[in-house]
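A look at the structure
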Amino acid sequence: MIKDEVRTPTAVRDAQRWTAHSYNPLPVVISSAEGAWVTDVDGRRYLDCLAGYSALNFGHRHPRLVEAAHAQLDRLTLTSRAFIHDQFADFCRELSQLCGKELVLPMNTGAEAVESGIKVARKWGYQVKGVAAEQANIVVAEGNFHGRTTTIISFSTDEDARADFGPYTPGFRLVAYGDLAALTAAIDENTVAVLLEPIQGEQGVIVPPAGYLPDVRRVCTDQNVLLIADEIQSGLGRTGTTFACEHEAVVPDMYLLGKALGGGIVPVSAVVADADVLGVLQPGQHGSTFGGNPLAAAVATEVVRLLATGEFQRRSAELGARLHAGLRALVGKGLLAVRGRGLWAGLDIDPALMTGRAASERLMSRGVLAKDTHGSTIRLAPPLVITEEEIDHAVAQLAAILTE
Ligand SMILES: Cc1ncc(COP(=O)(O)O)c(C=O)c1O
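My aim in this report is to walk through the structure given alongside it, one point at a time.

1. Notes on the site of the ligand
The full set of residues close to the ligand is Thr109, Gly110, Ala111, Phe145, His146, Gly147, Glu197, Asp230, Ile232, Gln233 and Lys259. Gly110 has a polar backbone atom sitting 2.8 Å from an oxygen atom of the ligand. A distance of 2.7 Å separates an oxygen atom of the ligand from a polar atom in the side chain of Lys259. Summarising the interface, the protein chains cover 81% of the accessible area of the ligand, which totals 390 Å² for the free molecule.

2. Thoughts on the nonpolar core
If you look at soluble globular proteins, the nonpolar side chains tend to sit buried side by side. In terms of nonpolar packing, the biggest core is built from 57 residues, with Leu95, Leu257, Leu261, Leu380 and Leu398 touching the most fellow members. With 9 residues, the top contributor of residues to this core is helix α11 (residues 294–308). Those residues in contact with Leu257 that lie beyond four places of it in its chain are Leu95, Cys99, Ala113, Glu231, Ile232, Leu236, Phe243, Ser269, Ala270 and Val272. Of all hydrophobic cores here, the second largest spans 29 residues; its members include Val114, Ile118, Phe155 and Ile232.

3. What to know about unusual backbone geometry
Of note, the amide linkage connecting Gly166 to Pro167 takes the cis form, showing an omega dihedral of 5 degrees. Mapped onto the elements of the fold, Pro167 is located in the loop between α7 (159–162) and β6 (172–175). Phi angles above zero are rare outside glycine, and Asn224 is one such case at about 55 degrees. Along the polypeptide, Asn224 turns up in the loop between α9 (212–223) and β8 (226–230). Relative accessible area serves as the criterion here: at 40%, Asn224 is assigned to the partly exposed category. With a phi close to 55 degrees, Ala249 is a non-glycine residue in the positive phi region. By secondary structure assignment, the location of Ala249 is in the loop between β8 and β9 (254–257).

4. Some remarks on the pattern of salt bridges
This model, assessed by the stated rule, comprises 17 salt bridges. Between Arg305 and Glu94 there is a salt bridge, with its nearest N and O atoms 2.6 Å apart. Taken together, the residues span a long stretch of sequence, with Arg305 in helix α11 and Glu94 in helix α4 (residues 88–99) at a distance of 211 residues. Owing to a relative accessible area of 34%, Arg305 belongs among the partly exposed residues under this scheme. Judged by relative accessible area, Glu94 falls into the buried class, the value being 15%. Where Asp215 meets Arg218, a salt bridge forms, and the shortest distance between an N and an O atom there is 3.2 Å. In this pair, Asp215 and Arg218 both sit in helix α9, 3 residues apart, roughly one turn of the helix. A single network of salt bridges, built from pairs that share partners, joins Asp90, Arg93, Glu94 and Arg305.

5. Examining helix α13 (residues 356–365)
For α13, every residue scored as buried is listed here: Gly356, Arg357, Ala359, Ser360, Leu363 and Met364. Each buried residue of α13 lies within a common arc of 160 degrees when the element is viewed along its axis, so the set occupies one face. In this fold, the buried residues of α13 make contact with β3 (45–48), β12 (345–349), β13 (368–369), β14 (371–372), β15 (377–380) and α14 (388–403). Positive phi shows up at Gly367, right after α13, with a value of about 80 degrees.

6. Section: the sheet that holds β3
Spatially, 4 strands are ordered β1-β2-β3-β13 in an open sheet, and the strand pairing comes out mixed. Because the sheet does not close on itself, it has two edges, and the strands there are β1 (30–34) and β13. The sheet contact formed by β3 and β13 spans 2 bridges and is parallel. Following the sheet pairing, Asp48 is matched in β13 by Leu369.

7. Considerations on the packing of aromatic side chains
Under the definition given, this model contains 4 aromatic pairs. Taking 4.3 Å as the distance between ring centres and 35 degrees as the angle between the ring planes, the aromatic pair formed by Phe155 and Phe172 counts as tilted. Remark: Phe172 occurs in strand β6 and Phe155 occurs in the loop between α6 (150–154) and α7; sequence separation between them is 17 residues. Note on Tyr177 and Tyr212: the rings are 5.9 Å apart at their centroids and 70 degrees apart in plane angle, and the pair reads as edge-to-face.

8. Let's talk about the layout of surface pockets
Think of a ball as big as a water molecule: rolled over the atoms, this probe shows where empty space is left. A volume near 1400 Å³ is recorded for the largest pocket. What lines the largest pocket is a set of 48 residues, among which Tyr23, Tyr53, Phe145, Arg148 and Glu202 lie closest to the centre. Partitioned by chemical class, the residues of the lining of the largest pocket number 15 nonpolar, 22 polar and 11 charged. Size it by volume and the second largest pocket reaches roughly 620 Å³. What lines the second largest pocket is a set of 23 residues, and nearest its centre among them are Pro25, Leu26, Val28, Ile30 and Lys371. Every element with two or more residues in the lining of the second largest pocket is listed here: α1 (8–17) and α2 (51–54). Residues of the lining of the second largest pocket, tallied by class, amount to 16 nonpolar, 4 polar and 3 charged.

Procedures and definitions
- Residues numbered from 1 in each chain as written.
- Predicted model: local features only at pLDDT ≥ 70, side-chain atom pairs only at ≥ 80, totals over all residues.
- Heavy atoms only, no water.
- Near = heavy atom within 4 Å.
- Polar contact = N/O pair within 3.5 Å; in protein donor to acceptor, adjacent residues only side chain to side chain.
- Areas by Shrake-Rupley, 256 points an atom, 1.4 Å probe, with all protein chains shown as cover.
- Core = buried A, V, L, I, M, F, W, Y, C linked by side-chain atoms within 4.5 Å.
- Buried < 20%, exposed > 50% of the residue type's maximum accessible area, 1.4 Å probe, protein only.
- Helix = DSSP H or I, 4+ residues; strand = E, 2+ residues; numbered from the N terminus.
- Contact = heavy atoms within 4.5 Å.
- Salt bridge = Lys/Arg side-chain N within 4 Å of Asp/Glu carboxyl O.
- Arc of directions from axis to C-beta.
- Pairing = 2+ DSSP bridges.
- Phe/Tyr/Trp six-rings, centres within 6.5 Å; stacked < 30°, edge-to-face > 60°.
- 1 Å grid on protein atoms, 1.4 Å probe; cavity = no way out; pocket = protein on both sides within 12 Å on 5 of 7 lines; lining within 4 Å.
- Points joined across faces, edges and corners; volume = space filled by probe spheres on them.
- Nonpolar A, V, L, I, M, F, W, Y, C, P; charged D, E, K, R; others polar.

Dropping the structure here:
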């Protein structure tokens, strides 16, 4: 059990005092980290089972990523896209090849990748599909989480995310996640895209019914609608494959990537698609001062090279099986349900026992960091460098809080 706080209470109070309260963090103040472990200002160590919501898939400060960042910091950090830099082509080519696509549009945050994907889909609709001006619509799923911009929260079904931020951006149609008939019915001649998370992370790691994604793919192809996969949280090794879509052999028209693409060091996101889609953008029509900057490109290229080895996907699949076996054994013993793929799990704790927040706090007091999402659901997404023993340790701590 963790005790003897010296600096934590003051550090928590100061952080609260000087920030907008748009988060409710656990009262832990981290000052250093390595691999799957973080250390707080009082020297206590915690197993990080959240991994920056998948932004730290390769663990904290992976040596190859830190080395790439250091080397780039010493040479060139920013040019803007007014000029070309020497890290840019490798990054775009290697990421395109990892995705099996032709072009990359680099951005910074996940929400920017989603916004960019929406813009590209609309332009594609008008210029390629022939949709009437201003009439484009995009079909999205209830329970989605795609980011925090005004357009994106316009089609959120989470009242906390949405309320009082209107007026909202029109042009989105919500359908139940996993319901093919509803999705098919929502598509009309003005539909330019279906935008989905292949697994809904924020909603509690919701895996759609088997066959749903391939069916959506087929409907999109039949109706000349782009399938946009938001793999910002699910992609880049998290589920045991490079992309979550791969589990059902689905290839979207557009990948939206972020989080782990920046190696836990810098924000890097991207839209990746073929030239018949991304080629609709011409100079002056979209951009970002920091998108694809040299530091981001150097780190992200190394991320792509790590993924190209297949090692992390393999670890996620093998260790994920161990994690899920351990968690399944707790169903009926305080857990109501466990979902997920690879090293990614959503756990529904029996609400009669405790809230998800209380569970996160109890896990924290036992040296394991995780975070509740909705109600009594906890999300586990440890770094893919976690070991078997560390997984067993995390599961044991969870078992302990369910019975203490
Ligand atoms: C599926 C998905 N899309 C988009 C985003 C937004 O990413 P960012 O917070 O980097 O803007 C997130 C963040 O959690 C996400 O999980």
